[in-house]
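Structural description and commentary
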Amino acid sequence: MSPPTNHPFLFSETQSTVLPDPTRFFSPHLLSTPLPTNSFFQNFVLKNGDQPEYIHPYLIKSSSSSLSICYPSLSSNSSSLHQIFKPDLTISSFINNTQHQNSSTHHIVSSFSDLSVTLDFPQSNLRFFLVRGSPFLTCLLTDSDPRIEAILDRFSSCYPVSGDAIFGKPFCVEYKWKKKGRGDLLMLAHPLHRRLLSLANDSSITVLDHFKYKSIDGDLVGVVGETWLLEGDQLSITWHSIRGLKVESYAEIADALQKDVEALDSPTISTTSTYFYGKLIARTARLALIAEEVYCTDVIPAILSFLKETIEPWLNGTFGGNGFLYEGKWGGLVTTQGSLDSWAEFGFGVYNNHHYYLGYFLYGISVLAKIDHAWGRKYKKQAYSLMADFMNLSRGANSKYPRLRCFDCWKLHSWAGGLTEFADGRNEENTGEALNAYYSAALVGLAYGDTHLVAIGSTLSAMQIQAAQTWWHVRVDDKMYGEDFTRENRVVGVLWANKRDSGLWFAPREWKECRLGIQLLPLVPISEVLFSDVGFVRELVKWTLPALARKGVSEGWKGFVYALEGIYDNEFALEKIRKLIGYDDGNSLTNLLWWIHSRHDVDELACEGDGKFCWFAQYCD
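Residues numbered from 1 in each chain as written. Predicted model: local features only at pLDDT ≥ 70, side-chain atom pairs only at ≥ 80, totals over all residues. Heavy atoms only, no water.

**Digging into the overall build of the protein**
Broken down by element type, the protein carries 17 helices and 24 strands. For the protein, the proportion of its 621 residues judged to be buried stands at 60%. Sequence separation of at least 24 residues holds for 68% of the intrachain contacts in the protein that already meet a minimum separation of 6. In the form shown here, the protein has an accessible surface area of approximately 24900 Å², with 52% of it arising from carbon and sulfur atoms. Looking at charge distribution, the protein has the averaged site of its 56 positive side-chain charges lying 3 Å from that of its 68 negative ones. (Helix = DSSP H or I, 4+ residues; strand = E, 2+ residues; numbered from the N terminus. Buried < 20%, exposed > 50% of the residue type's maximum accessible area, 1.4 Å probe, protein only. Contact = heavy atoms within 4.5 Å. Areas by Shrake-Rupley, 256 points an atom, 1.4 Å probe, with all protein chains shown as cover. Lys, Arg positive; Asp, Glu negative; His and termini not counted. Charge placed at Lys NZ, Arg CZ, Asp CG, Glu CD.)

Rendered as structure tokens:
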């Protein structure tokens, strides 16, 4: 018998027919490793590469031989906000057609990192260092001599050429900028940076609060220093409710649980969609964990049987009509359907929504691995392969996946757009499902005793939560988005790099219950942290409730509204939930009752502030 190998598991390889060709825009030396599919510069490598990207604080647009820069103005009304591109400066070079007749007629990405991208224009010998948060735009003539560089230094004595984000300890991310020139480095920080920036024990950086650039993401303030440490709120990843269930609620929850388990029937599942199938898996896994909480363990074997019947074919590559495959052009998972049709699976085959879909599968896998250790060991490599598709941290040459496919180390939240060109850059609609992806990855770490994975999953979860609270949650007294938009909206629908929309991909702005629901679902223990601001929750529900009077509102969306209402009006919300006759396909009556009955008040005087969701934090000051 040959010895076991420790190589990462890969699903069967495929050659997708719908993905764009990366060789057009990426330098050849970058093509041997996985490539980013949700990055801040994605428009630069799609189609003609000429759609603008927002690289704070500027909108930047590339053409065949030039780069245009815009410090954008903000257009705002009650339904959307949008930054308008009108070039303030265009940098180009005269082209010697004879000398460059064989050169590329468009830009080339010659390097990239978490916080920067370098664009080369071979036909004009220009190189642009585009670094997020830099008030300077640095352009270099690639065939220049030191005398030319000295002239550039005279105008900007210190400038950044790249930046990296380092996840060295839990709930922190450290930025390290690589600079050239002389003197100190001046960069810009957005509002969440400013909130998380650790200044107490760091004399190496200085914040210039009076030095500001306007931005759709809020004022960008000056920060002097080449290393930043961002410290997020701590939280504990838990399988079960954070507050615990009321003992007197066990009977009602157990009764609903018995009925939900009896209705499980895997042969009747008709969908082959990765998204909807994943939601069914995660919904069922919730039942197992709730059964543990209410000590109704007799139903767990039936739940585990259903989970194995539904998950194993995807991991074994035997699921009929669909399945996970690996493609090497960009480096990542696609599906059988998505590899043949870019519109199938809501764009999963062109790297749209990967963290949403895979997060649901990981949730189910984590619960199975927690309860059935032998099963967990058998499918450990497949579980980690699904996780690595969107949470790989490696930059190594042997990596099969790009680094943090969906998570934006600058904005500190995820993007979902994949390899689709958009005039307003990347976008994200579902903050709840994005959070669930990193939460589920942390649960996989708990199930396998992998403290590193727990730490990274917890850190990304905490950052995603704080970003959602900063940019998606719109409070009555907020000043960031302007008076008109703030008056009409309590939550953003689709957040773009360069735009804020009140509508959703699938619903108009008037369907407020959908906007609330898409930012909440799936309903899991960490949802309590995402919606921990009770005052804001009250504002959001009050704003949403009138929309439920509209004819045709789904019972599933109502359930999410009532769930949040239960945070501050428990009994009234419970009455409404008991009267529901339908639920979202990723939700259940059992799960809603579990949520409502875990909303009771507890003595949290010992864990207020930063330690509210991490009890040990009170002992760490």
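There's plenty left to go through after this.
**Overview of the nonpolar core**
In this structure, Tyr-175 and Leu-386 are the most contacted members of the largest nonpolar core, which totals 155 residues. Sort the elements by how many residues they give to this core and helix 6 (residues 354–371) lands first, with 11 residues. Residue contacts for Leu-386: discarding those within four places in its chain leaves Phe-11, Leu-315, Phe-324, Leu-333, Leu-358, Phe-361, Leu-362 and Ile-365. In terms of nonpolar packing, the next biggest core, distinct from the first, is built from 32 residues, Leu-46, Leu-119, Cys-139 and Leu-188 among them. (Core = buried A, V, L, I, M, F, W, Y, C linked by side-chain atoms within 4.5 Å.)

**Considerations on the sheet that holds strand 8 (residues 108–113)**
Strand order in this open sheet of four strands is 8-9-10-11, and the pairing throughout is antiparallel. Strands with a single pairing partner mark the edges of an open sheet, and in this sheet they are strand 8 and strand 11 (138–141). The average undirected angle you get between the axes of adjacent strands in this sheet is 15 degrees. Across five bridges, strand 8 lies against strand 9 (residues 116–121) in antiparallel orientation. Opposite Ser-113, over in strand 9, you have Ser-116 as the bridge partner. (Pairing = 2+ DSSP bridges. Axes fitted to C-alpha atoms, helices over the stretch in contact; angles between N-to-C directions.)

**A look at the packing of aromatic side chains**
What the rule picks out here adds up to 41 aromatic pairs. Judged by centre distance (5.5 Å) and plane angle (75 degrees), the ring pair of Trp-177 and Trp-228 falls under edge-to-face. Of this pair, Trp-177 sits in strand 13 (residues 172–181) while Trp-228 sits in strand 17 (residues 227–231), and the two are 51 residues apart along the sequence. The residues Trp-177 and Trp-228 share a single accessibility class, namely buried. Between the aromatic rings of Phe-422 and Trp-496, the centroid separation amounts to 5.1 Å while the plane-to-plane angle is 75 degrees, which identifies the pairing as edge-to-face. Taken together, the residues span a long stretch of sequence, with Phe-422 in the loop between strand 21 (413–414) and strand 22 (427–428) and Trp-496 in strand 23 (residues 494–496) at a distance of 74 residues. Summarising the burial analysis for this pair, Phe-422 and Trp-496 share the class buried. A connected cluster of aromatic rings, assembled from ring pairs, spans Phe-9, Phe-11, Tyr-277, Trp-314, Phe-319, Phe-324 and Phe-361. The ring of Phe-536 carries the charged tip of Arg-475 above its face, separated from the ring centre by 4.9 Å. Across from the ring centre of Trp-595, 3.9 Å away, lies the NZ or CZ of Arg-599, which sits over that ring. (Phe/Tyr/Trp six-rings, centres within 6.5 Å; stacked < 30°, edge-to-face > 60°. Lys NZ or Arg CZ within 6 Å of the ring centre and 35° of its normal.)

**Some details on the pairing of strand 5 (residues 73–76)**
Here four bridges tie strand 5 to strand 6 (residues 80–84), and the two strands are oriented antiparallel to one another. Residue pairing for strand 6: Leu-74 is matched across the bridge by Gln-83.

**Overview of the packing of helix 8 (residues 380–391) against helix 9 (residues 431–448)**
Contact pair helix 8 / helix 9: the axes reach a minimum separation of 11 Å and the direction vectors enclose 150 degrees. One finds that helix 8 runs roughly antiparallel with respect to helix 9. Of the two possible hands of crossing, helix 8 and helix 9 adopt the one that is left-handed. On the side of helix 8, the interface is formed by Lys-380, Ala-383, Tyr-384, Met-387, Phe-390 and Met-391, while helix 9 contributes Ala-437, Tyr-438, Ala-441, Val-444 and Tyr-448. (Parallel < 35°, antiparallel > 145°, perpendicular 65-115°, else oblique. Left-handed = near helix turned anticlockwise from the far one by under 90°.)

**Quick word on the sheet that holds strand 23**
If you walk across this open sheet you meet the five strands as 5-6-24-23-22, and the pairing is antiparallel. Bordering the open sheet on either side are strand 5 and strand 22, each of which pairs with just one other strand. In the sheet, strand 6 pairs with strand 24 (residues 499–501) via three bridges, with the strands oriented antiparallel. Paired with Leu-81 across the strands is Arg-500, a residue of strand 24.

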